[in-house]
Amino acid sequence: MKEIKLHDKIFTPYINKRQISLAIKKITQELESYADNKTLVFVSILKGAFMFASDLAKVYKKNAVFEFYRLKSYEGTQSTGEVKILVDINQQDIEGKDVVVLEDIVDTGNTLEKIFEELSKKKPKSLKIATLFYKPEAYKKNIPIDFIGMEIPNEFIVGYGLDYNELGRNLPEIYKLKDVKKQRMADIVLFGPPGAGKGTQAKILKDKLGLKYIATGDMFRHHIKNKTELGVKAQQYIDNGELVPDEITIGMIKESIGDPDSHGFIFDGFPRTVAQAEALDKIMGEKGYIIDALLSLEVPEEILVERLLNRGKTSGRSDDNEETIKKRLKQYHTKTAPVKEYYEKQGKLYQINGVGEIDEIHKRLYDIIKNLKLRE
Ligand code: AMP
């Protein structure tokens with residue numbers, strides 16, 4: 001069993017097939033002796049309990065009836081406290097009968113309480129609870145849990161019917177969420193020529209992943225607007241479609257990231273020269289950090305020009321005009337493009353097709369970030 005990734009989270013192996021099958025054996029024996037001569041009505045709680053119910057059904061030797069009840073309670077890894085009935089059960093199927101609820105897991109007990117309340121209204125002769133996994137530390141209710149396969153600590157688990165946002169149910173073993181502290185955030189550079197869509201995409205990623213967003217272009221514009229000393233120095237270069245000299249840019253970056261006290265940076269428009277890339281590695285390196293990936297948005301030149309001219313109609317940016325755009329693209333080819341090789345040598349270059357809908361491009365980027373193997 002190896003670590004696995006579901007959506008954005010990493011899960012580590014936790015309970016293997018043998019342990020699961022022992023737990024099923026134990027609970028089945030207890031249920032058989034409880035059943036005695038009774039025909040039990042097993043009410044499996046969907047979706048989570050489908051595997052448990054099916055494996056139990058294969059080894060349970062007495063007559064039994066199987067019913068299914070579907071509820072929804074979890075959103076993500078936290079119990080929402082709210083439980084909805086999605087598939088109900090007919091009263092005549094349980095009225096006057098010996099009913100046993102089959103749960104995959106009893107956690108806070110919120111779902112169980114709702115099940116107990118609703119099924120009781122349908123007047124079963126008896127109503128018992130059987131759960132494959134039980135978290136005593138998390139359980140907050142008073143309803144007795146009559147049959148337990150295995151007690152587990154308060155971990156978020158997936159597999160064997162249990163999911164994380166619908167994934168993981170088909171795993172034959174149980175995995176637990178890896179300690180979040182161990183799952184550090186990625187430090188990435190969003191790269192590309194002017195008009196590649198760096199700003200648009202970086203902002204979406206920043207919001208989705210909670211990254212710290214550093215955009216040198218925005219910083220310079222802020223300085224210019226506030227007429228700071230740095231702004232005055234930078235303006236002539238920007239208006240001219242040239243790069244602001246490295247010492248100014250690097251100085252500004254140093255100040256803004258300061259002493260990085262946690263991972264999770266997304267850089268937009270920086271580094272734009274190899275000297276800046278080296279400086280960034282140095283600043284991050286002092287903390288023991290290093291850039292994990294350079295995501296380069298690849299867009300044909302004619303599309304770049306078209307996008308920038310279009311943007312110029314509304315951006316109010318002094319550098320979004322035909323003449324300056326040409327200069328900026330030239331600067332990109334001579335000074336900025338070599339940054340790609342710098343990261344390629346470190347095995348960190350990812351080239352992404354930057355043409356298409358914003359959502360499509362976002363998905364391309366997100367898929368790469370999600371699958372990055374981050375150095376601890
Ligand atoms: P942007 O908003 O990223 O397109 O940047 C606008 C302008 O700011 C660029 O054309 C450069 O003149 C200047 N600039 C932004 N980032 C840098 C950088 N890392 N190095 C030098 N100049 C930069």
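Residues numbered from 1 in each chain as written. Predicted model: local features only at pLDDT ≥ 70, side-chain atom pairs only at ≥ 80, totals over all residues.

Quick word on the sheet that holds strand β12 (residues 212-215)
Test applied: At least two bridges found by DSSP between two strands is the condition for calling them paired. Here a strand is any run of E in DSSP of at least two residues, a helix any run of H or I of at least four, and the numbering for each starts at the N terminus. Axes here mean lines fitted to C-alpha atoms, for a helix over just the part in contact, with angles spanning 0 to 180 degrees between N-to-C directions.
Here we have five strands laid out as an open sheet, ordered β12-β13-β11-β14-β15, and parallel in their pairing. One side of each edge strand has no neighbouring strand; the edge strands of this open sheet are β12 and β15 (349-353). Direction aside, neighbouring strands of the sheet carry axes that sit 20 degrees apart on average. Sheet topology note: the β12/strand β13 (residues 265-268) ladder contains four bridges and is parallel.

What about the environment of Ile20?
We apply this condition: C-beta atoms are placed from the backbone for every residue, and two residues are taken to be in contact when these atoms lie within 7 Å.
Its location among the elements puts Ile20 in helix α1 (residues 17-35). The sequence separation of Ile20 and Gly161 amounts to 141 residues, and the corresponding C-alpha distance is 12 Å. Among residues more than four places away in sequence, those in contact with Ile20 are Ile15, Tyr160 and Ile174.

Brief notes about the pairing of strand β6 (residues 98-106)
Condition: Counting other C-beta atoms within 10 Å of each residue's C-beta, where C-beta atoms are placed from the backbone, gives the exposure class: buried for 20 or more, exposed for 12 or fewer, partly exposed between. With the strands pointing away from the viewer, any crossover whose connection runs clockwise from the first strand over the helix to the second is right-handed.
Buried residues dominate β6, accounting for eight of its nine residues. Where β6 and strand β7 (residues 126-134) come together, eight bridges link them in parallel fashion. Across the sheet, residue Val106 finds its bridge partner in β7, namely Tyr134. In this fold, β6 hands off to helix α4 (residues 110-121), which returns the chain to β7; that crossover is right-handed.

Details of the domain arrangement of the protein chain
Where we set the bar: Domains are outlined according to an automatic or database domain assignment.
Split by domain assignment, the protein chain resolves into domain 1 (4-182) and domain 2 (188-370). Here the C-alpha centre of domain 2 lies 50 Å away from the C-alpha centre of domain 1.

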